[in-house]
Amino acid sequence: MATPSDVSAAAQALSFAIPPEHEAEYLALLGTTDRAVAAVMAYPDYQLPVDERRFPRTNIHRPGPDANTLGGWAWKATIEGTPGGVLHGKTVCVKDTVCVARVPQLFGTTAIEDFIPVSDATVVTRILEHGGVIVGKAMCEARIKLSCPPNFSHGSTSHSTPFGPVENPYAKGFSAGGSSSGCGVLVGSGTVDVAIGGDQGGSIRIPASHCGLVGLKPTFGLVPYTGILSSDPALDTVGPMARTALEAAVLLQAIAGCDRIDDRQLGAPPPSAVPMYSTLLLEYRKSGLKGLKVGLLKEGFASSLLDASVNERCRNGIAKLEALGATVEEVSVPLHLLAAQMSHILNKFASSQTRQGRQVSRRGLYINEFWTKLLPWTQDKFEKAKYYVTGTAMCAEYGWARYPTAYGRAMNLARKLRDDYDHVLSTFDVLMMPTVPRAARRHVAPDAGPLAWAEAAAGITTNAAASNLTGHPSITFPVGFVPPAPDDVRDPEDRAIKLPCGLMAVAKFFDEAVLLRVADAFEQAHDWKGL
């Protein structure tokens, strides 16, 4: 129960001087909170039921190094889906932010080590109902030792997991991208057929680009986020990662549609009305890209970090789309250049609050068992969760105190960027730009400091984060190989290394079909591995 010291602490946090004659009355008010919480906590939590008789979980284990040579697995398990669906027999891994009942979850950290979800995420249930076989949880960013930072799935690189770095499937020692790094590696290496990645600032598309995959960030709210650990509810998105556009299309039609739990799904159709993306794709193949209008986004090629080889490969990819029947014209959205700064504010200011358990203003499933184990933060937990997490926390606490309206300003400008995209997309079918401005980078040394970790990811989300801010759907697909950037070349032999390069497209809200059409058309006409 509340004490006078609790009254003083609450007032001090608010910079509020309580008149002495009112102290007892405020103590009584805190008592009403005690009683309300006690009444609510007396009831069992209300979680999603799991039908383990229909979908039993077997072979749950953490794989050893010999079975995890690229570092992509967090945990393995086998859950067979209903036979005969559109995903029949397809092996699927899900990012380790996605809850799978009875399968331990790391969430990219060792600040807690014994979190086991009690519910399945909606996307897990839908994968199983459509015949998929879930074979495990894919690593997101985590910690190998105290000198390496975990990041609660918060980062765009892949050099900090409990099993060592997640290795690029095309060049050991180079990043697989993040934070859906394990998904990228497991699909890119052919270990699994498809994956569910998560994306708050490019975390599906960046690893997809680095690993030679098709990665689709759906329209905000098209795919339910129910049962998935959050970074920022205003940005949280999950979507398919696959080796082909057709496989991505099939997975998307299996997982999309409102579930009547996630309140972010305003405008999303029910599952029965989700487009048959795979059927549409086969129809599109008859006409290629005839009539498609492509806007080459000027600002998407304007980053000072854009490597010449990536610039050339992406422009060549757009030229190949033009040869397939599309028309191409350069367009401009000046506010796109501010996307990185807006994303910095929104991601840091919001995700830091989420990690403190301050999740409010959303109707949906709250994964309370995770926060019960994590909170309160202690010095030991902060020492385990370095750099990305502590850096974000420090920037956010400073930012909220010093610039209390910055988050609101960034969110309003994100809405303007959405309107600017909509204006251009009223004329064009897609906007195109490089997915990332440079090839995958080398892993950062485990004992490097926080600035080195930040510099390794500098500029990587410049283009990808914009559509997280606006909510538009976005896809990346591979258009060839590029060499490492000059500052990652250590000896002459390094110039022979080949790293995948992705080209990104953005489309109108809920027009995932046109994105898949573009990726599939390129794929049908060109073997990207020969480019």
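Rules used throughout
Residues numbered from 1 in each chain as written. Predicted model: local features only at pLDDT ≥ 70, side-chain atom pairs only at ≥ 80, totals over all residues. Heavy atoms only, no water. Helix = DSSP H or I, 4+ residues; strand = E, 2+ residues; numbered from the N terminus. Buried < 20%, exposed > 50% of the residue type's maximum accessible area, 1.4 Å probe, protein only. Contact = heavy atoms within 4.5 Å. Areas by Shrake-Rupley, 256 points an atom, 1.4 Å probe, with all protein chains shown as cover. Polar contact = N/O pair within 3.5 Å; in protein donor to acceptor, adjacent residues only side chain to side chain. Pairing = 2+ DSSP bridges. Axes fitted to C-alpha atoms, helices over the stretch in contact; angles between N-to-C directions. Salt bridge = Lys/Arg side-chain N within 4 Å of Asp/Glu carboxyl O. Right-handed = clockwise from strand over helix to strand, strands pointing away. Expected span 1.5 Å × (residues − 1). Arc of directions from axis to C-beta. Parallel < 35°, antiparallel > 145°, perpendicular 65-115°, else oblique. Phe/Tyr/Trp six-rings, centres within 6.5 Å; stacked < 30°, edge-to-face > 60°. Lys NZ or Arg CZ within 6 Å of the ring centre and 35° of its normal. Nonpolar A, V, L, I, M, F, W, Y, C, P; charged D, E, K, R; others polar. Core = buried A, V, L, I, M, F, W, Y, C linked by side-chain atoms within 4.5 Å. Disulfide = S-S within 2.5 Å.

A.B. asks: Can you help me understand the overall build of the protein in this one?
C.D. replies: Assigned secondary structure in the protein consists of 16 helices and 14 strands. The buried share of the protein, reckoned over its 531 residues, is 55%. Sequence-distant contacts in the protein: of pairs separated by 6 or more residues, those separated by 24 or more amount to 78%. With the model as given, the accessible surface of the protein reaches about 21,800 Å², and the carbon-plus-sulfur share is 56%.

A.B. asks: Would you take a moment to explain the side chain of Thr-237 for this structure?
C.D. replies: With respect to the element layout, Thr-237 can be found in the loop between strand E8 (214-217) and strand E9 (238-242). A polar contact of 2.9 Å, which involves the side chain of Thr-237, links it to the backbone oxygen of Leu-235. Excluding its chain neighbours within four sequence positions, the residues that come into contact with Thr-237 are Gly-197, Gly-198, Asp-199, Gln-200, Lys-217, Pro-218, Phe-220 and Tyr-225.

A.B. asks: Which parts of the structure should I look at to understand the sheet that holds strand E11 (residues 327-331)?
C.D. replies: In a beta sheet, neighbouring strands are held together by backbone hydrogen bonds and run either parallel or antiparallel to one another. Strand order in the open sheet formed by twelve strands is E1-E2-E4-E3-E7-E9-E8-E13-E14-E12-E10-E11, and the pairing between neighbours is mixed. The open sheet has two edge strands, strand E1 (58-61) and E11, and neither has a second partner. On average, adjacent strands in this sheet sit at an angle of 25° to one another, irrespective of strand direction. In this structure, strand E3 (residues 91-95) lies alongside strand E7 (residues 194-198), joined through three bridges in parallel fashion. Its bridge partner lying in E7, Cys-93 is registered against Ala-195. Lying over the sheet, helix H4 (residues 181-188) contacts strand E2 (73-80), E3, strand E4 (133-138), E7 and E9, oriented at roughly 165° with respect to E7. Contacting strand E10 (293-297), E11, strand E12 (430-434) and strand E14 (499-507), helix H13 (residues 406-425) crosses the sheet at an angle of about 115° to E12.

A.B. asks: When you look at the pattern of salt bridges in this model, what are you seeing that I'm missing?
C.D. replies: Pairing between side chains of opposite charge can happen when their charged atoms approach one another. All chains considered together, the criterion is met by 18 salt bridges. In this structure, Glu-129 engages Arg-54 in a salt bridge whose closest nitrogen and oxygen atoms are separated by 3.7 Å. With Glu-129 in helix H3 (residues 122-129) and Arg-54 in the loop between helix H2 (23-41) and E1, the pair connects residues that are 75 residues apart, well separated along the chain. On the basis of relative accessible area, Arg-54 is assigned to the partly exposed category, the value being 43%. Lys-286 is paired through a salt bridge with Glu-283; the nearest N and O atoms lie 3.3 Å apart. Classification of Glu-283 by relative accessible area gives partly exposed; the value is 45%. When salt bridges with common partners are traced through the structure, they connect Arg-438, Arg-441, Asp-487 and Asp-488 into a single cluster.

A.B. asks: Please clarify how the pairing of E10 should be interpreted in this entry.
C.D. replies: Regular strands place side chains that alternate from one sheet face to the opposite one. Burial runs high along E10: four of the five residues are buried. Where E10 lies against E11, five bridges are found, and the strand directions are parallel. Paired with Val-294 across the bridge in E11 is Val-328. With helix H8 (residues 308-323) bridging E10 and its parallel neighbour E11, the resulting β-α-β unit is right-handed. By the bridge criterion, three bridges tie E10 to E12 in an arrangement that is parallel. Residue pairing in the sheet places Val-294 in a bridge with Val-430 of E12.

A.B. asks: Is there a simple way to think about H8 in this case?
C.D. replies: Residues separated by three or four positions in an α-helix point in the same direction, a consequence of the helix having 3.6 residues per turn. Over its 16 residues, H8 runs 23 Å from end to end, which matches the ideal 22 Å to within 8%, given 1.5 Å per residue. Regarding H8, the residues found buried are Ser-309, Val-310, Arg-313, Cys-314, Gly-317, Ile-318 and Leu-321. Axial view of H8: buried residues confined to an arc of 170°, hence all on one face. Opposite the buried face of H8, at more than 90 degrees from it, the exposed residues are Ala-308 and Ala-323. Its buried side turned inward, H8 meets E10, E11, E12, strand E13 (474-482), E14 and helix H16 (512-525). The positive-phi residue at the C-terminal boundary of H8 is Gly-325, with phi of around 120°.

A.B. asks: Just checking my understanding: could you explain the packing of helix H6 (residues 245-255) against H16 for this structure?
C.D. replies: When two helices pack together, their arrangement is captured by the angle between the axes and the distance separating the axes. Where H6 contacts H16, the two axes come as close as 9 Å, and the packing angle between them is 155°. Comparing their axes, H16 and H6 come out roughly antiparallel. Here H6 contributes Ala-245, Ala-248, Ala-249 and Leu-252 to the contact with H16, which in turn contributes Glu-512, Leu-516, Ala-519, Asp-520 and Glu-523.

A.B. asks: Mind showing me how you'd approach the packing of aromatic side chains here?
C.D. replies: Between two aromatic rings, the relevant description is the distance of the centres plus the angle of the planes. The full count for this structure, using the stated rule, is six aromatic pairs. The positively charged end of Arg-315 is found above the aromatic ring belonging to Phe-301, 4.3 Å away from the centroid.

A.B. asks: Please clarify how the environment of Pro-49 should be interpreted in this entry.
C.D. replies: Tracing the backbone shows Pro-49 in the loop between H2 and E1. Residues Pro-49 and Ala-101 lie 52 residues apart in sequence; the distance between their C-alpha atoms is 9.6 Å.

A.B. asks: Is there a simple way to think about helix H7 (residues 277-284) in this case?
C.D. replies: Taken together, the buried positions of H7 are occupied by Tyr-277, Ser-278 and Leu-281. Down the axis, H7 shows its buried residues gathered within 100° of arc, on one side only. In the core, the buried residues of H7 are packed alongside H6 and H16.

A.B. asks: In this structure, what is going on with the packing of helix H1 (residues 4-13) against H2? I would like to understand it.
C.D. replies: For the pair H1 and H2, interaxial distance at closest approach is 9 Å and the crossing angle is 95°. The angle between H1 and H2 places the two elements in the roughly perpendicular class. Contacts from Pro-4, Asp-6 and Val-7 of H1 reach H2 at Glu-23, Tyr-26, Leu-27 and Leu-30. Residues belonging to the contact of H1 with H2 are distributed by class as follows: five nonpolar, no polar and two charged.

A.B. asks: Looking at this model, I keep getting lost on the environment of Gln-47. Mind explaining?
C.D. replies: Take Gln-47: it is sitting in the loop between H2 and E1. Gln-47 gets classed as buried once you look at its relative accessible area, which sits at 17%. Measuring from C-alpha to C-alpha, the distance between Gln-47 and Tyr-366 comes to 8.3 Å, with 319 residues separating the pair along the chain. At 3.3 Å, the side chain of Gln-47 forms a polar contact with the backbone oxygen of Tyr-366.

A.B. asks: Would you mind going over the nonpolar core with me for this structure?
C.D. replies: Across soluble globular proteins, nonpolar side chains have a tendency to be buried as a group. Formed by 121 residues in total, the largest nonpolar core has its most connected members in Met-432 and Phe-477. Once residues within four sequence positions are removed from consideration, Met-432 is found in contact with Val-294, Gly-295, Leu-296, Leu-297, Phe-301, Ile-318, Leu-321, Phe-477, Leu-503, Met-504, Ala-505 and Val-518. Phe-107, Phe-115, Ile-367 and Trp-377 belong to the second largest nonpolar core, which has ten residues in total.

A.B. asks: I tried to follow the state of the cysteines on my own but got confused; where do I start?
C.D. replies: Working definition: the covalent bond between the sulfur atoms of two cysteines is a disulfide. Throughout the structure, instances matching the rule amount to zero disulfides. The closest cysteine sulfur to the non-disulfide-bonded Cys-183 is located on Cys-93, 4.5 Å from its own sulfur. Cys-501 carries a free sulfur, and the closest cysteine sulfur to it, the one in Cys-314, is 3.9 Å from it.

Just distances and angles here, no functional claims.
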